[in-house]
Amino acid sequence: MTGFFSLLLWGAGIACFVSYGLIPDPENLYLGIVLCCVVWITGCFSYLQNRKSDNMMNEFKAMRPPKVKVIRDGVQALVDSASVTIGDLVVLEQGDLVPADIRVLECSPNMCVDNSSLTGESEPQKRKNECTHDDVLETANLCFFGTQVPEGSCKGVVVKIGDDTVIGRIASLALTTETEQTPINREIEHFIRIISAIAIVLGVSFFAASLARGQDPIVSLVFMIGIIVANVPEGLLATVTVCLTLTAKRMYTKKVMVKNLEGVETLGSTSCICSDKTGTLTQNIMTVAQVVYADKDDQLQIQDAASSFTKGIRTYDSASPAFHRLLICSTLCNTCYFEKYYEDEESGKRVLLPFKKIREQGDGTSIEEIVWTPIGNASE
């Protein structure tokens with residue numbers, strides 16, 4: 001509501017109220033109320049749309065674990081992640097989130113980290129207590145804030161915290177990027193400047209001509225305000241905002257989140273998008289799409305599992321003895337487990353989550369989605 005065009009409409013609305021104060025004509029009062037309502041309503045449209053995407057820092061907060069195991073004065077304790085500082089000795093185990101940039105001092109042979117949130121690497125990266133590369137992102141003795149430990153355990157010393165971490169510097173760069181005007185913004189601003197100049201020149205000219213002819217100054221001033229307000233396209237802001245909002249809503253149904261309404265027009269002229277795959281176009285989640293087991297005649301059969309790839313349709317026989325043996329092997333050979341609770345920020349209590357829920361997909365089909373969070377390497 002503070003853009004150049006919005007300020008112009010605010011000025012026109014105030015001018016109408018001034019005209020009503022000078023000469024109590026109800027039409028000026030109604031016009032001023034309408035102009036102010038137009039700016040307020042379109043501002044609400046923009047706010048509601050932009051609020052959905054202005055949460056980058058909240059997403060980074062989700063990378064921070066609620067509690068961390070640290071060793072202080074030779075005693076291991078569970079402390080809040082916000083209190084971790086440089087020099088703390090941190091203990092990481094399978095399923096933990098890394099609370100800061102940490103240099104590994106000692107670790108188990110199978111210690112690895114999931115750097116997909118940082119580098120996009122889908123495979124867990126092995127870690128050890130030796131420096132293997134001059135580049136901090138490539139060396140094997142560093143664990144970075146926001147990454148996860150899918151398997152193994154280690155002890156390490158905190159070397160960077162907060163904005164000084166690698167992900168913190170990336171966040172700072174993303175938040176300090178200069179905002180450039182979109183093409184539609186530049187065109188509208190150019191158009192409004194021309195209209196404003198014409199309106200002001202016409203208003204002042206008629207005001208001067210009216211005074212030269214001996215008209216009452218108050219009547220001449222109200223006439224000048226009327227000419228300026230009449231040249232302001234008060235419907236343009238509402239029309240553009242509504243059109244962009246409707247387009248953003250249609251894109252949202254296609255799983256596209258619009259960060260800025262004006263970006264909708266720019267996206268329409270895009271011919272090529274270069275993007276990373278893992279974590280951007282895909283979720284870096286391993287999903288069982290098919291299972292293979294022997295039927296009654298000991299013939300191997302490929303059956304579909306309920307997943308997004310099969311639109312939630314499963315064809316395997318859950319009562320088959322061979323399927324049961326496959327299920328037992330998969331369970332026993334996997335060391336990951338489910339996190340069944342989440343911590344309520346208001347009450348501070350741990351609340352039990354439902355095991356699964358029904359999720360609507362983009363093509364209109366429904367699928368069951370597991371709500372419990374897998375801790376560890378669920379794909380091993």
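Everything numeric in this text was worked out from a predicted model, so none of it was measured.

J.: Can you help me understand the overall build of the chain in this one?
T.: Each helix and strand in the chain was counted, giving 10 helices and 17 strands. Taking all contacts inside the chain whose residues are at least 6 apart in sequence as the whole, residues at least 24 apart take part in 57%. Of the accessible surface of the chain, which amounts to about 24200 Å², a share of 58% is contributed by carbon and sulfur atoms.

J.: Even after reading the chapter, I still don't get the pairing of strand 11 (residues 300-304), so can you show me in this structure?
T.: Within a regular strand, side chains alternate between the sheet's two faces. Inspection of the sheet shows strand 10 (residues 290-294) paired to strand 11 by five bridges, in the antiparallel sense. Bridge pairing in strand 11 links alanine 294 to leucine 300. Here strand 10 folds back onto strand 11, and the loop between the two strands holds five residues, one of which, aspartate 298, carries a positive phi near 60 degrees.

J.: Explain the pattern of salt bridges to me, please; I cannot follow it from the model alone.
T.: One side chain can pair with another of opposite charge once the charged atoms of both are near each other. Evaluated as defined, the whole model comprises three salt bridges. In this structure, arginine 72 engages aspartate 88 in a salt bridge whose closest nitrogen and oxygen atoms are separated by 2.7 Å. In this pair, arginine 72 is assigned in strand 1 (residues 67-72) and aspartate 88 in the loop between strand 2 (75-80) and strand 3 (89-92), connecting sequence segments 16 residues apart. Using a relative accessible area of 8% as the deciding quantity, one classes aspartate 88 as buried. The structure contains a network of salt bridges with shared partners spanning Lys69, Glu93 and Asp96.

J.: Can you walk me through the packing of helix 6 (residues 183-212) against helix 7 (residues 217-230) in this structure?
T.: For any two helices packed against each other, one specifies the inter-axial angle together with the distance between the axes. The N-to-C vectors of helix 6 and helix 7 enclose an angle of 160 degrees; their axes lie 8 Å apart at closest approach. Judged by the angle between their axes, helix 6 and helix 7 are roughly antiparallel. Once helix 6 is placed against helix 7, the crossing between them reads as right-handed. Residue-level inspection shows Ala199, Ile200, Leu202, Gly203, Val204, Phe206, Phe207, Ser210 and Leu211 of helix 6 in contact with helix 7, the latter providing Pro217, Ser220, Leu221, Phe223, Met224, Ile227 and Ile228. Partitioning the contact of helix 6 with helix 7 into residue classes produces 13 nonpolar, three polar and no charged.

About the criteria used
- Chains are numbered independently. Their residues run from 1 in the order of the written sequence.
- Selection of residues for local features in this predicted model requires a pLDDT of at least 70, selection of side-chain atom pairs for listing and counting requires 80 or more, and totals for whole chains, interfaces and linings are taken over all residues.
- To get the side-chain values, take all heavy atoms of the structure and skip hydrogens and water.
- The numbering of helices and of strands both runs from the N terminus, where a helix is a DSSP run of H or I of at least 4 residues and a strand a run of E of at least 2.
- In what follows, residue pairs with any heavy atoms lying within 4.5 Å of each other are defined as contacts.
- In this description, accessible areas are obtained by the Shrake-Rupley approach with a 1.4 Å probe, and a residue is regarded as covered only by the protein chains that are shown.
- When DSSP locates at least two bridges between a pair of strands, those strands are taken to pair.
- By convention in these notes, a salt bridge is any Lys or Arg side-chain nitrogen within 4 Å of a carboxyl oxygen on Asp or Glu.
- Between buried and exposed lies partly exposed: a residue is buried under 20% and exposed over 50% of the maximum accessible area for its type, with that area taken using a 1.4 Å probe on protein chains only.
- Inter-axis angles, ranging from 0 to 180 degrees, are taken between N-to-C directions of lines fitted to C-alpha atoms, where helices are fitted over the stretch in contact.
- An angle counts as roughly parallel when it lies under 35 degrees, as roughly antiparallel when it exceeds 145, as roughly perpendicular when it falls between 65 and 115, and as oblique in every other case.
- Each crossing gets its hand from how the near helix is turned against the far one by less than a right angle, where anticlockwise is left-handed and clockwise is right-handed.
- Each residue is assigned to one of three groups, with Ala, Val, Leu, Ile, Met, Phe, Trp, Tyr, Cys and Pro labelled nonpolar, Asp, Glu, Lys and Arg labelled charged, and all others, Gly among them, labelled polar.

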